[in-house]
Amino acid sequence: MINKTDEYWMTFALKEAEKSMEKGEMPVGAIILHSNKIVGKGYNLRETLKDPTAHAEILAITSAAASLNSWRLEDCTLYVTLEPCPMCAGAILNARIPRVVFGSYDKAAGMCGSVENLCDQNLLNHRALVKGGVMEEQCKSLIEAFFQSMRKSNSNIENTS
């Protein structure tokens, strides 16, 4: 079922993903919504910051926590263009974010349903409702365009060596 509200907010996460692509980063973007207002934003900056934790979700969580002056993001929704990895799913639970909406599935490392659903484990003390596949084609095509660009760039380097 298509939810126009989720699609509307996902467009803002896609804008964040485009910022990371402009920096030569894998294009993943995230926003955090509270009371129909964006309180946190982030995009992938791992290469730029030389920081393995600089994922879009982590940066958006940090931004939202500062904006709301609380690490508990209990009344928030996270929108992210790529299914969260194990680290990000853990941060989502630690931040008490109750709802996650993502675009493209990550069959290799996705922890919101693809490989496992860390956000819905009976063994953990917190859970998050997860909805995947929102604007999936747009989110996936941005990532595919990035990797095509990387392959083309690498083949140009190899051809000039």
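To be clear, the structure that these remarks concern was listed above.
Our subject in this report is the structure included herewith. Note that the structure is predicted; figures quoted are calculated from it, not measured.

### Examining the side chain of Glu16
So, step 1. When you line up the elements, Glu16 lands in helix H1 (residues 4-22).
So, step 2. The class for Glu16 is buried, based on a relative accessible area of 4%.
So, step 3. There is a polar contact of 2.9 Å between the side chain of Glu16 and the side chain of Lys19.
So, step 4. Excluding its chain neighbours within four sequence positions, the residues that come into contact with Glu16 are Gly29, Ala30, Ile31, Lys41, Gly42 and Tyr43.

### Thoughts on the packing of aromatic side chains
So, step 1. All chains considered together, the criterion is met by 5 aromatic pairs.
So, step 2. Judged by centre distance (5.3 Å) and plane angle (70°), the rings of Tyr8 and Phe12 are edge-to-face. Residue Tyr8 and its partner Phe12 are located together in helix H1, separated by 4 residues, close to a single helical turn.
So, step 3. Here the aromatic rings of Phe102 and Tyr105 are separated by 4.9 Å at their centres, their planes lie at 85°, and the arrangement is edge-to-face.
So, step 4. Chaining the aromatic ring pairs together yields one cluster made of Tyr8, Trp9 and Phe12.
So, step 5. In this arrangement the basic side chain of Lys15 is found over the ring face of Phe12, its NZ or CZ atom lying 4.9 Å from the centre.

Quick notes on the rules
- Residues numbered from 1 in each chain as written.
- Predicted model: local features only at pLDDT ≥ 70, side-chain atom pairs only at ≥ 80, totals over all residues.
- Heavy atoms only, no water.
- Helix = DSSP H or I, 4+ residues; strand = E, 2+ residues; numbered from the N terminus.
- Buried < 20%, exposed > 50% of the residue type's maximum accessible area, 1.4 Å probe, protein only.
- Polar contact = N/O pair within 3.5 Å; in protein donor to acceptor, adjacent residues only side chain to side chain.
- Contact = heavy atoms within 4.5 Å.
- Phe/Tyr/Trp six-rings, centres within 6.5 Å; stacked < 30°, edge-to-face > 60°.
- Lys NZ or Arg CZ within 6 Å of the ring centre and 35° of its normal.

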